[in-house]
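Breakdown of the fold
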Amino acid sequence: MIAYLERLVHGNDVESRQNDNDEDVVDCTSFFDELDLQGSIDYVATGLAGKDFGGLRSIKPLALIRPAGTDDVAMVVKAAAQSSNLTVAARGNGHSINGQAMADRGLVLDMRSMEDVFEVVVVNGTAYVDVSGGALWEDVLKRCVSGFRLAPRSWTDYLSLTVGGTLSNAGVSGQAFRYGPQTSNVTELEVVTGKGEIFVCSETENSELFFGALGGLGQFGIITRARILLQPAPDMVRWIRVVYSEFEEFTRDAEFLVTQQDGDSFDYVEGFVFVNSDDPANGWPSVPLDSNHGFDPTRIPKTAGSVLYCLEVALHYRNTDHPSTVDMDVDGLLGRLGFVENLKFELDLSYTEFLLRVKHAEEHARAHGLWDAPHPWLNLFVSKSDIDEFDRAVFKNILKGGVGGPMLIYPLLRSMWDTRTSVVLPEGEIFYIVALLRSNLPYPKGPSPEKLVAQNHEVIQCCIKNGFDFKLYLPHYEIQEGWKRHFGNQWTRFEERKANFDPLAILAPGQKIFSRIYQL
């Protein structure tokens, strides 16, 4: 039955494939009837699987498959493994930037269609939740908090992402300084390898696959279930932003906060760069937390430059905590910081509202036609040793006019990351995440995607030219040599894991790390 699909992907002649379209549909139907999938197959309307949030490319797959469960996923991968050249990509909520979840004339699995898995379990007094790899983090949040008053410890800023998707990268937000990324907060996975085999894995069982899949960019297996560590969920959050005119003072305070013991700091620490102007997207108006409080530029020191810095923090508390106690805790922590006087903004909201804060930004973007525009985002990890020079060369020079959206920057601690996973980091205990989250108007009202991509390349080349110790986060390279430089001395381990778990290079072809091995 594999021959039915093989014939469709041997040639490169587009016109020929179009002429054979009717016959192709019949062949696809016959192929999947033989597979006896419990889910469904869409071999005509595959447009969804050929696009992503980045909006920079469109690659049409042969078929979009909606698996009902893990057995369906394994069945599809096994079938691809028996073919001469089929590939399989797992697609979560389509939030990749550079086509990482696409498969050119391959098979795309819509992981959102997976059967609902949600079970809170207690092992040796510690609570965990078992969820499907296709579950959205926002749904995990709501169900854990509303049903059990529990919550995962580590998050991403945007929660309309799938569990399997973020665990295949890392999963970073303002809690990572304390608990590590999401990959450090999962204790068990169910994974379908590139051989179509199903394994339950953990630190002690099938550990090589467990650590390989975490941060593995989908190269070693498809995550179909995860067991995530939980903790008691707070009721409320005091959300605070304070402004700095000098980068050195900003980084000093940020690093101070992330290196304090639990209980001696805030529960969430992030930061961002903004333009020293009244630009509504890039400047002062982007800082206040609500429309009731404006930004007073007269408070900015005369010595300030073209960009300013905002430290964003949050403190969790209970409904039973007296307001004066919360005020005292917040004031005690802020009193140790050196931000610009009277440039402080704060807001109290529920824990769930705080974690879903970017959802409101999504709604705004959709309403103004920004969500469907291209998003050539760039994410980097930069060593503390180079972050001052990075600020001078990038924020104060290349990006001094902003990027049409947030320019995040905040410190993380290497010791909170498990080096056995596939994620690669800069050297040193403290490094910074830099995220350029462009949200420009569609061209021609906004800059062309090509211009924004070129600016990203300029930033990367600046890092290379200056010898900065950096790594791309959510990386993308067009050729394997770029990937070898990215992984450095971890490339051999990565390559060996690929040979063990996906020897034919069937999985995640959109990452462009390995080429499918053809077989007769």
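What you are looking at is a predicted structure, and each value in this text was computed from that prediction instead of being measured.

On to the overall build of the protein chain. Per the secondary structure count, the protein chain includes 16 helices and 18 strands. The C-alpha atoms of the protein chain give 24 Å as radius of gyration, which agrees with the globular expectation for 520 residues (24 Å, within 12%). For the protein chain, the spread of C-alpha atoms along the principal axes amounts to about 70 × 55 × 45 Å. Residues classed as buried in the protein chain amount to 57% of the 520 residues present.

The next point concerns the pairing of strand E11 (residues 236-244). When you tally the buried positions in E11, you get nine out of nine residues, the bulk of the element. Residues Met-236, Arg-238, Ile-240, Val-242 and Tyr-244 point to one face of E11 and Val-237, Trp-239, Arg-241 and Val-243 to the other, with burial holding for every one of them. Bridge analysis of E11 against strand E14 (residues 344-350) gives seven bridges, and the strand direction is antiparallel. Paired with Arg-241 across the two strands is Phe-345, which belongs to E14.

On to the packing of aromatic side chains, then. What characterises a pair of aromatic rings is the spacing of the ring centres plus the angle enclosed by the ring planes. The tally for this structure, following the rule as stated, stands at 30 aromatic pairs. Taking the centre distance of 6.1 Å and the plane angle of 15° together, the rings of Phe-295 and Phe-345 count as stacked. Pair noted here: Phe-295 is in the loop between strand E12 (268-275) and strand E13 (307-317) and Phe-345 is in strand E14, with a separation of 50 residues, a long-range link. Here the aromatic rings of Phe-487 and Trp-491 are separated by 6.1 Å at their centres, their planes lie at 45°, and the arrangement is tilted. Just as Phe-487 is buried, Trp-491 falls in that class too. Ring-pair connections join several aromatic residues into one group, and the members of that group are Phe-220, Tyr-477, Trp-483, Phe-487, Trp-491, Phe-494 and Phe-514. The positively charged end of Arg-357 is found above the aromatic ring belonging to Phe-354, 4.4 Å away from the centroid.

Bringing the sheet that holds strand E4 (residues 107-110) into the picture now. Judged by pairing direction, the sheet is mixed, and its four strands sit side by side in the order E1-E2-E4-E3 without closing on themselves. The strands lining the two open edges of the sheet, one partner per strand, are strand E1 (40-42) and strand E3 (88-91). This sheet shows a mean twist of 25° between the axes of neighbouring strands, independent of strand direction. Strand direction decides the pairing type here: E3 and E4, joined by four bridges, are parallel. Note on E4: the bridge partner recorded for Ala-90 is Leu-109.

Turning next to the UniProt feature "domain: FAD-binding PCMH-type" (unreviewed entry) in the protein chain. Feature annotation in UniProt assigns "domain: FAD-binding PCMH-type" (unreviewed entry) to the following positions: residues 57-233. This span, residues 57-233, is 23% helix and 30% strand, and a straight line between its end C-alpha atoms measures 40 Å.

Another aspect to go through is the pattern of salt bridges. Two side chains carrying opposite charge are able to pair once their charged atoms lie near each other. In the structure shown here, the tally under the stated rule is 32 salt bridges. With a shortest N-O distance of 3.3 Å, Arg-178 and Asp-262 are connected by a salt bridge. Here Arg-178, found in helix H7 (residues 176-179), pairs with Asp-262, found in the loop between helix H9 (247-258) and E12; they are 84 residues apart in sequence, far enough to count as distant. With relative accessibility at 11%, the residue Arg-178 sits in the buried group. Between Arg-252 and Asp-253 there is a salt bridge, with the nearest N and O atoms lying 3.3 Å from each other. Look at Arg-252 and you get partly exposed, because its relative accessible area is 45%. Exposure remark for Asp-253: the relative accessible area of 3% places this residue in the buried category.

Once that is clear, we can look at the pairing of strand E6 (residues 126-132). With six of seven residues buried, E6 is to be regarded as a mostly interior element. Direction of pairing for strand E5 (residues 118-123) relative to E6: antiparallel, over a ladder of six bridges. In the sheet register, Phe-118 faces E6, and the bridge partner there is Val-131. Here E6 pairs with strand E10 (residues 221-232) via five bridges, running antiparallel. Its bridge partner lying in E10, Tyr-128 is registered against Leu-229.

Moving on to the nonpolar core. Formed by 124 residues in total, the largest nonpolar core has its most connected members in Leu-189, Leu-311 and Phe-390. Among the elements that make up this core, the one with the highest residue count is E13 (nine residues). Sequence-distant contacts of Leu-189, defined by excluding residues within four places in its chain, comprise Leu-167, Phe-199, Val-200, Cys-201, Phe-210, Ala-213, Leu-214, Ile-223, Arg-225 and Ala-226. Grouped together as the second largest cluster of nonpolar side chains are 23 residues, Ala-63, Val-76, Val-77 and Ile-506 included.

Before going further, it helps to examine the environment of Asp-388. Inspection of the secondary structure puts Asp-388 in helix H13 (residues 384-398). Using a relative accessible area of 30% as the deciding quantity, one classes Asp-388 as partly exposed. Here the alpha-carbon distance between Asp-388 and Thr-352, two residues 36 residues apart in the chain, equals 35 Å. Sequence-distant contacts of Asp-388, defined by excluding residues within four places in its chain, comprise Phe-247 and Thr-251.

We now examine helix H12 (residues 357-367). Here H12 has its buried residues at Arg-357, Glu-362 and Ala-365. Down the axis of H12, the smallest arc covering the buried residues is 145°, so these residues share one side. Turned more than 90 degrees off the buried face of H12, the exposed positions are His-360 and Ala-367. Those residues of H12 that are buried lie in contact with E11, E12 and helix H11 (351-355). Gly-369 occupies a position one or two residues after H12 and carries a positive phi of about 75°.

Attention shifts here to the sheet that holds strand E18 (residues 470-472). A sheet is described by the order of its strands in space; here eight strands give the open sequence E14-E11-E13-E12-E16-E17-E15-E18, paired in antiparallel fashion. Either end of the sheet is taken by a strand with one partner, and the two such strands are E14 and E18. The average angle at which neighbouring strand axes cross in this sheet is 20°, direction not considered. Bridging between E12 and E13 involves eight bridges; their strand directions are antiparallel. Bridge pairing in E13 places Phe-274 opposite Leu-308. Packing against the sheet, helix H10 (residues 323-334) makes contact with E11, E13 and E14, and its axis sits at approximately 25° to E11.

Criteria and thresholds
Residues numbered from 1 in each chain as written. Predicted model: local features only at pLDDT ≥ 70, side-chain atom pairs only at ≥ 80, totals over all residues. Heavy atoms only, no water. Helix = DSSP H or I, 4+ residues; strand = E, 2+ residues; numbered from the N terminus. Rg over C-alpha atoms; globule rule 2.2 N^0.38 Å. Buried < 20%, exposed > 50% of the residue type's maximum accessible area, 1.4 Å probe, protein only. Pairing = 2+ DSSP bridges. Phe/Tyr/Trp six-rings, centres within 6.5 Å; stacked < 30°, edge-to-face > 60°. Lys NZ or Arg CZ within 6 Å of the ring centre and 35° of its normal. Axes fitted to C-alpha atoms, helices over the stretch in contact; angles between N-to-C directions. UniProt positions renumbered as here; feature names shortened; annotations may be inferred. Salt bridge = Lys/Arg side-chain N within 4 Å of Asp/Glu carboxyl O. Core = buried A, V, L, I, M, F, W, Y, C linked by side-chain atoms within 4.5 Å. Contact = heavy atoms within 4.5 Å. Arc of directions from axis to C-beta.

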